[in-house]
Structure formats: C-alpha cells, structure tokens
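Topology and contacts: notes
Read off the chains here:
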Amino acid sequence: MDVVTDIAQPLAMGVISHLLGIPTEEQERFRQSAGVVINGMDPNSLVDDQQRRHAAQARITLVQLLRLHLRQADGNGSAVASTVLARLAEPVSPDTDPIPVTEAIATAAQLLAAGYETTVGLISNGLYALLTHPSQLNRLAAAGPEDQAMHRAVEEILRYEPPVQMTVRIALAPTTVGGRPVPEGTVTVLAFGAANRDPDVYDRPHDLDVTRDTPHLSFGLGSHFCLGAPLARLEARLALAALLRCRPSLVDESVTYVQSAFTRSLQHLRVRLTDPSSQ
Ligand code: HEM
C-alpha cells in the first residue's frame, strides 16, 4: 500500500472533516484545495506566478465550500449542526453577537489547511524515518499508541523531520539574534528544521534516537503554539502503532517529497505489510 494516499491522507482529512462536519463525499474536493493552499505558503521568492495563482484559486474554492457548509449549519438537526464549524457561528452567550461569518470561515479554513498536510507529513515522514533506521524501528515493534515509547518516538520524529519547516515573524522592536542585529520591521524566516538540530542543544543532532526526551520546536512556541498539537500527536501514535503491528517493509527505496519549502511531507511511501493475525 501507499502509506501517504491510503492511510495518512484519508485519516488526516477524515478527522478534520469530521470535526468541521464535512461529509465524506465532499472530502476529496476539500483535500485537493487544502493541499494546494499549504504548498502555496512558501516565501514569495520560491513560488512562481502560476503556483501563486493556483494557491489563490484554491483558497477561493476552500472558502466557497466552507461558506456552503456554514449555511447548512444554520438549520436545526443538519449534519453539521453540532460540529466545530457550526459552533463557530453561534454566539458564545445569549447577550453576545456571533462572530462574523467571514471570521468563522477564515478560522475553519485555517483549521483545515493547518491540520491536513502537516499530519500527513508527520505520519509518512515518521514511518519512513523508522523504516530507514531499523534499530530504532525495532525498539517500537511491540509499542501500543499509549505506550511511553511511542509518545517519545513521535516527539523525536517531529524533531528530526518537522512537517512544518518554517514560520515568519516581523521584529516589532530592534533586537539581536545570534550576535546579528535585527532592525525593527525586519521580516525573519525562522527554520524549525535547523533549530531542532542545533548542536548546542542536542547531542548527536542528526541521529534519529527514539529514546530521546528533549523538547523541539516543531509546533512553534508561545502564544501561537499549534492548536492541533494534541490531535496530530494522537493521530500519529495511532497510525504508527497500527502500521508497525503489520511489520512494514519498504517497496521503493527512493522517495520524493512534496515540492514545498514550507512543509516537509512525502508524496508517496510504498510499503509491504503483513496481516498481524497471520504472524
Ligand atoms: C504534525 C502536525 C502539525 C504540525 C507540525 C503543526 C505545526 C504548527 C506550527 C509550527 C504552528 C505555529 C506557527 C507559528 O507560530 O507561526 C502551528 C499553529 C497552528 N496550528 Fe498546527 N501543526 C500541526 C497540526 C495541526 C492540526 C491537526 C491543527 C488543527 C486541528 C492545527 C492547527 C493550527 C492552528 C489553528 C495554528 C495557529 C495557532 C495560533 O496562531 O494561535 N495544526 N502549527
């Protein structure tokens, strides 16, 4: 099977769609748009005009699809009435106004875009990292999704191969980073992948070691820390534990990554699995 298209994509899209109340038959359209939106988030210097247009069109499609669903959420008992998308459109208390529809839609679009490709990346990068480091994989062969070993392994995979590679900040005041002046207003690109392998912080930073217990920056830090981190961790632990029970082996040694500087995620990961009941 292809772990990306057969497991990681349907799982990540299914979970976020369930939360937002997107029916199964619509998920493929959302999935295509969400993927393009995320991949269009690369810094401008890395994206050509056609990719920019493509991403803009995908954002419009996503918003149109969500607007349609939000309208359905107005009706009592509709399929989306009890979902995050419906609740975003409700007033928080009887004497407050609901948030504007445009804001509810923007929030839902962000949840979709932020929660999809990233989780696909975590599951597929994780399995690939383990398959290419058999001694690490062996340590997890019998681990269940709630075992401490699996919790640690998912954190180490996040450190080693962050699905989100970078974020952007604007300096609100002049400051100094690593001895270099950063004047007020400077746009800075912060590379999680590099920070997670800082030799001043990590022993053997380029080695995958699933027994490590060191923090990482793959979900960001501070007030914008990833809202979906517990969900992404849970999905990854469940998916990896289930896959490892089937003794996976690589079918293709060579893999290709989604063309994006912003995310790190495999395009395909073909593996052979064994039915656990026959082992
Ligand atoms: C492995 C999966 C994921 C990774 C690596 C990841 C990574 C990140 C990072 C690095 C940030 C901080 C960005 C910044 O500070 O500029 C962030 C923010 C965010 N993430 Fe995630 N994310 C993942 C999964 C999810 C999921 C599943 C959801 C939704 C269900 C989600 C929703 C969000 C939201 C809404 C924010 C913005 C939070 C804010 O600005 O206050 N993410 N994520």
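Conventions we followed
- Residues numbered from 1 in each chain as written.
- Predicted model: local features only at pLDDT ≥ 70, side-chain atom pairs only at ≥ 80, totals over all residues.
- Heavy atoms only, no water.
- Helix = DSSP H or I, 4+ residues; strand = E, 2+ residues; numbered from the N terminus.
- Rg over C-alpha atoms; globule rule 2.2 N^0.38 Å.
- Buried < 20%, exposed > 50% of the residue type's maximum accessible area, 1.4 Å probe, protein only.
- Areas by Shrake-Rupley, 256 points an atom, 1.4 Å probe, with all protein chains shown as cover.
- Lys, Arg positive; Asp, Glu negative; His and termini not counted.
- Charge placed at Lys NZ, Arg CZ, Asp CG, Glu CD.
- Core = buried A, V, L, I, M, F, W, Y, C linked by side-chain atoms within 4.5 Å.
- Contact = heavy atoms within 4.5 Å.
- Axes fitted to C-alpha atoms, helices over the stretch in contact; angles between N-to-C directions.
- Left-handed = near helix turned anticlockwise from the far one by under 90°.
- Nonpolar A, V, L, I, M, F, W, Y, C, P; charged D, E, K, R; others polar.
- Expected span 1.5 Å × (residues − 1).
- Near = heavy atom within 4 Å.
- Polar contact = N/O pair within 3.5 Å; in protein donor to acceptor, adjacent residues only side chain to side chain.
- Phe/Tyr/Trp six-rings, centres within 6.5 Å; stacked < 30°, edge-to-face > 60°.
- Lys NZ or Arg CZ within 6 Å of the ring centre and 35° of its normal.
- pLDDT = per-residue confidence, 0-100.

Another aspect to go through is the overall build of the chain. The helix and strand tally for the chain stands at 10 helices and 6 strands. Against the compact-globule benchmark of 19 Å for 279 residues, the chain has a radius of gyration of 20 Å, which places it among compact chains. Its C-alpha atoms put the chain at 60 × 55 × 40 Å along the principal axes. Looking at the 279 residues of the chain, the share that counts as buried comes to 41%. In the structure as shown, the chain presents an accessible area of about 15200 Å², 55% of it carried by carbon and sulfur atoms. Of the charged side chains in the chain, 23 are positive and 30 negative, and the gap between their average positions amounts to 3 Å.

Moving on, we come to the environment of Val182. Mapped onto the fold, Val182 is located in strand E3 (residues 180–182). For Val182, a relative accessible area of 12% translates into the label buried. Taking the C-alpha atoms as reference points, Val182 and Ala171, separated by 11 residues in sequence, lie 7.2 Å from one another.

The next thing to look at is the nonpolar core. The biggest cluster of nonpolar side chains holds 62 residues, and the ones touching the most others in it are Phe30, Leu66, Leu112, Leu127, Leu130 and Leu269. Sequence-distant contacts of Leu269, defined by excluding residues within four places in its chain, comprise Met1, Asp2, Val3, Val4, Ser124, Leu127, Tyr128, Leu250 and Val255.

Close contact between helix H1 (residues 3–20) and helix H10 (residues 229–245) brings their axes to 12 Å; oriented N to C, the two are set at 145 degrees. Between H1 and H10 lies a crossing of right-handed hand. Along the contact surface, H1 presents Val3, Leu11, Ala12, Val15 and Leu19, while H10 presents Leu231, Glu235, Ala239 and Leu243. Taken together, the residues that form the contact of H1 with H10 break down as 8 nonpolar, no polar and 1 charged.

The next point concerns the side chain of Glu156. Along the polypeptide, Glu156 turns up in helix H8 (residues 148–160). The residues touching Glu156, leaving out its near neighbours within four places in the chain, are Asp207, Leu208, Asp209, Val210 and Arg212.

What follows is about H10. Its 17 residues give H10 an end-to-end C-alpha distance of 24 Å, which sits within 8% of 24 Å, the value for a rise of 1.5 Å per residue. Within H10, the full set of buried residues consists of Ala229, Ala232, Glu235, Ala236, Arg237, Ala239, Leu240, Ala241, Leu243 and Leu244. In this fold, the buried residues of H10 make contact with H1, helix H6 (117–131), helix H7 (134–140) and H8. Where H10 ends, the next residue or the one after it, Arg247, has phi of about 45 degrees, a positive value.

Take the site of the ligand next. Surveying the vicinity of the ligand reveals 23 residues, the closest of which are Gly115, Thr167, Arg169, His224 and Cys226. One of the side-chain nitrogen or oxygen atoms of Thr167 is found 2.4 Å away from an oxygen atom of the ligand. Side-chain polar atom of Arg169 to an oxygen atom of the ligand: 2.6 Å apart, as the coordinates give it. A per-element tally of the shell around the ligand places helix H5 (residues 101–115) first, with 4 residues. Residue composition of the shell around the ligand, grouped by class: 12 nonpolar, 10 polar and 1 charged.

Right, let's get into the packing of aromatic side chains. Applying the stated criterion across every chain, the model contains 1 aromatic pair. Residues Phe219 and Phe225 carry aromatic rings whose centres are separated by 6.0 Å and whose planes lie at 65 degrees to one another, so their mutual orientation is edge-to-face. Its guanidinium or amino end placed over the ring of Tyr202, Arg159 lies 5.1 Å from that ring's centre, counting from NZ or CZ. Here Arg264 stacks its cationic end above the ring of Tyr257, 3.8 Å away from the centre of that ring.

Before going further, it helps to spend a moment on unusual backbone geometry. Phi at Arg204 is positive, roughly 45 degrees, even though this residue is not glycine. Counting through the fold element by element, Arg204 comes out in the loop between helix H9 (192–195) and H10. Its identity is not glycine, yet Arg247 carries a phi of approximately 45 degrees, on the positive side. Inspection of the secondary structure assignment puts Arg247 in the loop between H10 and strand E5 (249–250). Note on Arg247: relative accessible area 53%, which makes it exposed.

With that out of the way, let us pick up the confidence of the model for the chain. Per-residue confidence for the chain gives a mean pLDDT of 89; residues scoring 70 or more make up 95%. Per-element mean pLDDT across the chain ranges from 74 in helix H4 (residues 84–88) up to 98 in H8.

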